[in-house]
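In case you want the letters, here they are:
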Amino acid sequence: MSENHSVATPVGGASPPPRKQPLEVIEIEQGYVCREFRRNPEQAAVFSVHDRRMEAMAAASDRLEADRHPCTLRWDSESSVGDIYWNDLFSTLRVTYSPLLKKWVVVPEDERYVFGSASAVQQAYEYGKQAQEGFNFKNLEVHGRDGTVEKTVDHPFISNSITDPNVKFNR
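Note that the structure is predicted; figures quoted are calculated from it, not measured.

On to the nonpolar core, then. Of all hydrophobic cores here, the largest spans 18 residues; its most connected members are Leu93, Val95, Val106, Phe115, Ala124, Phe137 and Leu140. Elements that contribute at least two residues to this core include exactly strand 6 (92-98), strand 7 (103-108), helix 2 (121-135) and strand 9 (139-143). Sort the elements by how many residues they give to this core and helix 2 lands first, with 5 residues. Setting aside its immediate chain neighbours within four residues, alanine 124 contacts Val95, Trp104, Val106 and Ala118. Of all hydrophobic cores here, the second largest spans 11 residues; its members include Phe37, Cys71, Trp86 and Ile162.

Another point: the side chain of asparagine 87. Tracing the chain through its elements places asparagine 87 in the loop between strand 5 (80-86) and strand 6. Within the local environment of asparagine 87, its side chain forms a polar contact with the backbone oxygen of histidine 69, the two atoms lying 3.1 Å apart. One polar contact links the side chain of asparagine 87 to the main-chain amide nitrogen of leucine 89, over a distance of 3.0 Å. Residues within four places of asparagine 87 in sequence aside, it is in contact with Leu64, Glu65, Arg68, His69, Pro70 and Cys71.

Another aspect to go through is the packing of aromatic side chains. For the structure on display, the rule yields 6 aromatic pairs. Judged by centre distance (5.4 Å) and plane angle (45 degrees), the rings of phenylalanine 90 and phenylalanine 137 are tilted. Note that phenylalanine 90 is positioned in the loop between strand 5 and strand 6 and phenylalanine 137 in the loop between helix 2 and strand 9, a separation of 47 residues in sequence. Classification of phenylalanine 90 as buried rests on a relative accessible area of 0%. Ring centres of tyrosine 113 and phenylalanine 115 lie 5.0 Å apart, and the angle between their planes is 80 degrees; this geometry places the pair in the edge-to-face category. Among the aromatic residues, ring-to-ring pairing joins Phe90, Tyr113, Phe115, Phe135 and Phe137 into one connected group.

How each quantity is defined
- Think of each chain on its own: its residues are numbered from 1, step by step along the sequence as written.
- Local features in a predicted model are, by the rule used here, given only for residues with pLDDT of at least 70; side-chain atom pairs are given and counted only at 80 or more, and totals for whole chains, interfaces and linings are based on all residues.
- Calculation of side-chain values draws on the structure's entire complement of heavy atoms; hydrogens and water are dropped beforehand.
- Among buried residues, the Ala, Val, Leu, Ile, Met, Phe, Trp, Tyr and Cys ones that are joined through side-chain atoms within 4.5 Å form a nonpolar core.
- Categorising residues by exposure relies on relative accessible area from a 1.4 Å probe, with only protein chains included: less than 20% of the type maximum marks a residue as buried, more than 50% marks it as exposed, and the intermediate range marks it as partly exposed.
- Helix and strand definitions here come from DSSP, where helices need a minimum of 4 consecutive H or I residues and strands a minimum of 2 consecutive E residues; each element is numbered from the N-terminal end.
- Two residues qualify as a contact provided that any one of their heavy atoms is within 4.5 Å of a heavy atom in the partner residue.
- Polar contact criterion, stated in full: a pair of N or O atoms within 3.5 Å, where within protein one must be able to donate a hydrogen and the other to accept it, and residues adjacent in sequence count only if both atoms are side-chain atoms.
- Aromatic pairing here means that ring centres of Phe, Tyr or Trp (its six-membered ring) are within 6.5 Å. Orientation follows from the plane angle: under 30 degrees is stacked, over 60 is edge-to-face, and everything else is tilted.

Keep in mind that these numbers describe shape and distance, not what the molecule does.
Here it is as structure tokens:
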């Protein structure tokens, strides 16, 4: 095993969170649809269609929790995202020092799965950015050895301010 490596298999019997697409609730001709978020909507799996947005949001909320999707985008129009609702399991990914392993590890806040470990914090940070992007974590926190948060990297949905009323979202 090399000094710096990404963990490819679960540690301690834990398994990684599912790698699922975010959900979206958007109005279409037939009503409000709950579906996967895809850059190309034609490729999105449709889960349900509803007459009212509240019904579609309730269906998305149930699916968000049950199927462990990272978040739901609520569209106010075809080009404007009104809000993002995050699944708590995908809230925070941390790069933190493990005194037990004597390495920097990349772990979700409330999970036991280790996405990667490295002797150097910079390499662990790179593993963290890859995991944040691949699994759609809301935030990536880089902690110092003393546990203080030294850096926070927001998901592109947040850093690009897609819910700002003046931002027109371009798929």
